[in-house]
Amino acid sequence: MNAYLASVLENVKTKHAGEPEFVQTVEEVFSSLEPVIEKHPEYEKYDLLNRMVEPDRMFTFRVVWEDDNGKWHTNRGWRCQFNGAIGPYKGGLRFQKNVYEGIIKFLGFEQTFKNSLTGLPIGGGKGGSDFDPAGKSDAEVMRFCQAFMSALYRYIGPDVDVPAGDMGVGGREIGYLFGQYRRLKGVWENGVLTGKGLSYGGSLIRPEATGYGAIYYLCEVLKHENDSIEGKRIATSGYGNVAWGIMKKAAELGAKVTYFSGPDGYVHDPDGVITEEKLNYILEMRATDPMHCKPYADHFGCEFVEGAKPWGATDVDIIMPAATQNDVTMESAEKIAASGVKYYIEVANMPTTNDALNFLRAQKHMIVAPSKAVNAGGVGVSALEMSQNSERLVWTAEEVDAQLKKMMINIHKVSAEAAEQYGLGYDLVAGGNIAGFLKVAEAMLEQGCF
Ligand code: GLU
């Protein structure tokens with residue numbers, strides 16, 4: 001690694017010793033930047049990289065709420081406004097027991113490059129809480145969301161910072177958050193949040209957008225390889241919004257998801273999740289129990305393997321991890337490489353550990369695509385939701401879907417071109433990092449030294 005990159009990375013490791021996920025994501029992005037830093041000495045001259053790894057600002061706040069039994073709870077909330085050079089901060093909120101500052105920071109850093117790749121004017125941000133949504137009643141979730149927004153509202157706005165959903169935050173939570181924002185501010189600013197319900201300014205296709213976008217990106221990879229999606233078998237992880245969108249779009253295009261997983265284990269359905277009945281069953285299963293996918297196997301009479309992940313199955317053509325960070329470790333990567341599968345398409349934010357990712361990228365028979373490009377359709381459609389809100393218009397599902405498809409084709413194209421330009425061949429990981437980085441870097445320098 002180039003000496004300047006190495007020195008900034010050292011600095012990050014020292015400052016963020018207790019935040020391994022943040023160190024991991026910086027290391028991953030930096031591993032692609034060597035040729036860029038060498039070609040642009042001004043980045044070192046203005047110490048751009050030390051600026052880029054430091055969030056613009058980050059808020060920590062207390063969130064106090066009362067449960068149904070009259071017991072009071074205190075959680076911690078965060079909003080990280082990581083980089084606002086190319087647009088208002090934009091990124092989701094994650095409510096999960098394991099959330100701490102390092103998770104929010106890593107997601108905010110990733111978001112900055114991802115949002116840049118969409119080609120739309122959105123900066124990078126992220127937020128969340130260590131609130132555990134598991135087993136909470138609807139009223140408890142509402143009270144928590146209201147308490148969370150009571151602290152957050154002063155930091156956000158349609159031209160300032162626009163949160164959305166992430167793990168543990170879906171349409172229901174966004175509704176309660178928006179209701180509280182409106183009550184506190186006394187204004188109709190529905191551009192302040194995305195992922196809203198359709199009755200108050202949500203965008204058609206937003207819930208499916210991340211999964212659909214991932215499949216559109218995959219189609220571009222397949223096209224590049226003179227291959228097609230028709231008849232392909234896909235192994236994914238998770239069965240939330242994102243994995244569900246993958247299942248639905250894959251089925252529409254003649255492919256099938258034959259493996260998916262939950263926290264309890266994985267399901268193998270060789271016929272694929274392709275019928276409306278199966279897709280609807282998954283929606284219901286997720287709404288009633290986000291922790292177990294075994295009921296699907298019981299209901300449709302297919303195999304369920306407890307406590308395991310589907311990585312390494314030999315009867316698939318494409319792998320799309322879509323659950324959470326560090327889902328694929330070195331041990332799984334070795335199995336994946338040995339299985340002979342060609343396409344490894346990351347979908348969740350940072351689903352692969354760095355050693356596993358480098359190992360997979362080094363496999364001659366494999367093509368690896370990075371999540372910050374593949375899953376960018378979600379936040380991309382969020383930006384389209386912001387456009388609709390500011391125009392006071394509602395676009396048709398066809399219009400949104402067409403824009404999403406165009407966006408994904410372009411993200412693949414700019415990534416492939418960036419890698420090519422730096423002599424790296426068809427390296428989508430490096431290309432995505434470089435293309436995302438260059439736009440933010442240019443915007444920062446053109447706006448002066450801060
Ligand atoms: N949480 C999603 C992501 O990781 C979506 C963010 C958004 O729509 O603002 O990109």
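Before going into details, it helps to say that this report is about the structure given with it. (Residues numbered from 1 in each chain as written. Predicted model: local features only at pLDDT ≥ 70, side-chain atom pairs only at ≥ 80, totals over all residues. Heavy atoms only, no water.)

## So, the site of the ligand
No. 1: Around the ligand, a shell composed of 13 residues is seen, among which K90, K114, G165, D166 and S382 lie nearest.
No. 2: With respect to the ligand, the side chain of R206 contributes an N or O atom lying 3.0 Å from an oxygen atom.
No. 3: A distance of 3.2 Å is found between an oxygen atom of the ligand and a side-chain nitrogen or oxygen belonging to N349.
No. 4: When the ligand is considered free in solution it has 290 Å² of accessible area, and contact with the protein chains removes 93% of it. (Near = heavy atom within 4 Å. Polar contact = N/O pair within 3.5 Å; in protein donor to acceptor, adjacent residues only side chain to side chain. Areas by Shrake-Rupley, 256 points an atom, 1.4 Å probe, with all protein chains shown as cover.)

## Remarks on the pattern of salt bridges
Pairs can form between side chains of opposite charge once their charged atoms are near each other.
No. 1: On inspection of all chains with the given rule, the structure shows 25 salt bridges.
No. 2: We note a salt bridge from D401 to K249, for which the minimum N-O separation is 3.7 Å. On the criterion of sequence distance, the pair formed by D401 in helix α17 (residues 397-421) and K249 in helix α10 (residues 241-252) is long-range, its members being 152 residues apart.
No. 3: Take D401: its relative accessible area is 18%, and that puts it in the buried class.
No. 4: Its relative accessible area of 4% is what places K249 among the buried residues.
No. 5: Among the salt bridges present, the one from K278 reaches D269, with a minimum N-O distance of 2.9 Å.
No. 6: Of the residues examined, D269 reaches a relative accessible area of 3% and is grouped as buried. (Salt bridge = Lys/Arg side-chain N within 4 Å of Asp/Glu carboxyl O. Helix = DSSP H or I, 4+ residues; strand = E, 2+ residues; numbered from the N terminus. Buried < 20%, exposed > 50% of the residue type's maximum accessible area, 1.4 Å probe, protein only.)

## What about the nonpolar core?
No. 1: Formed by 94 residues in total, the largest nonpolar core has its most connected members in L33, L49, F260, M320 and F437.
No. 2: Broken down by element, this core gets its largest block of residues, 9 residues, from helix α9 (residues 206-224).
No. 3: Look past the residues within four positions of L49 in its chain and what remains in contact with it is Y4, L5, V8, F30, L33, I37, Y43 and F437. (Core = buried A, V, L, I, M, F, W, Y, C linked by side-chain atoms within 4.5 Å. Contact = heavy atoms within 4.5 Å.)

## Description of the packing of helix α16 (residues 376-391) against α17
No. 1: Relative to each other, α16 and α17 sit at 135°, their axes nearing to 10 Å. Judged by the angle between their axes, α16 and α17 are oblique. By crossing handedness, the relation of α16 to α17 is classed as right-handed. Within the contact between the two elements, α16 uses A376, G377, G380, V381, L384 and Q388 and α17 uses V400, Q403, L404, M407, M408 and I411.
No. 2: Looking at the contact of α16 with α17, its residues break down into 8 nonpolar, 4 polar and no charged. (Axes fitted to C-alpha atoms, helices over the stretch in contact; angles between N-to-C directions. Parallel < 35°, antiparallel > 145°, perpendicular 65-115°, else oblique. Left-handed = near helix turned anticlockwise from the far one by under 90°. Nonpolar A, V, L, I, M, F, W, Y, C, P; charged D, E, K, R; others polar.)

## A word on the packing of helix α6 (residues 101-117) against helix α18 (residues 428-446)
No. 1: Where α6 meets α18, the axes come as close as 8 Å, and the angle between the chain directions of the two elements is 90°. Considered as vectors, α6 and α18 are oriented roughly perpendicular to each other. Judged by residue contacts, T112, F113, S116 and L117 of α6 engage G432, A435, G436, F437, K439 and V440 from α18.
No. 2: Looking at the contact of α6 with α18 residue by residue, the classes come out as 5 nonpolar, 4 polar and 1 charged.

## So, the packing of aromatic side chains
No. 1: A full pass over the atoms with the stated rule returns 23 aromatic pairs.
No. 2: On the numbers, 5.3 Å between centres and 80° between planes, the contact of Y281 with F300 is edge-to-face. Note that Y281 is positioned in helix α11 (residues 276-288) and F300 in helix α12 (residues 294-300), a separation of 19 residues in sequence.
No. 3: Relative accessible area serves as the criterion here: at 22%, F300 is assigned to the partly exposed category.
No. 4: Here K249 stacks its cationic end above the ring of Y212, 4.5 Å away from the centre of that ring. (Phe/Tyr/Trp six-rings, centres within 6.5 Å; stacked < 30°, edge-to-face > 60°. Lys NZ or Arg CZ within 6 Å of the ring centre and 35° of its normal.)

## So, the environment of W188
No. 1: Checked against the element boundaries, W188 lands in the loop between α8 (171-185) and α9.
No. 2: Remark: the alpha-carbon pair of W188 and F178, spanning 10 residues in sequence, is separated by 9.9 Å.

## Describing the sheet that holds strand β2 (residues 72-83)
No. 1: Strand order in the open sheet formed by 5 strands is β1-β2-β4-β3-β5, and the pairing between neighbours is mixed. Two strands in the sheet have a free side with no partner beyond their single neighbour: β1 (57-66) and β5 (161-165). The average angle at which neighbouring strand axes cross in this sheet is 20°, direction not considered.
No. 2: Pairing of strand β3 (residues 89-95) with β5 involves 5 bridges; the strand directions are parallel. Looking at the pairing, G91 lines up with P163 of β5.
No. 3: Sheet strands in contact with α6 are β1, β2, β3 and β4 (123-129), and its direction is about 155° off that of β4. (Pairing = 2+ DSSP bridges.)

## Some words on the side chain of K196
No. 1: Summarising the element assignment, K196 is placed in the loop between α8 and α9.
No. 2: For K196, the side chain forms a polar contact with the main-chain oxygen of N190, separated by 2.7 Å.
No. 3: At 2.8 Å, the side chain of K196 and the side chain of E385 are in polar contact.
No. 4: In this view, K196 contacts I174, N190, G201, G202, E385 and N389; residues no more than four positions away in its chain are not counted.

## What to know about the sheet that holds strand β9 (residues 303-306)
No. 1: Pairing is mixed in the open sheet, where 7 strands are placed in the order β9-β8-β7-β6-β10-β11-β12. Looking at strand neighbours, the two that pair on one side only are β9 and β12 (367-369), the edges of this open sheet. Across the sheet, the mean angle from the axis of one strand to that of its neighbour is 15°, orientation sign disregarded.
No. 2: Strand direction decides the pairing type here: strand β10 (residues 318-321) and strand β11 (residues 343-345), joined by 2 bridges, are parallel. Within the sheet, the bridge partner assigned to I318 lies in β11 and is Y343.
No. 3: Contacting β6 (233-237), β10, β11 and β12, α9 runs over the sheet at an angle of about 145° to β10.

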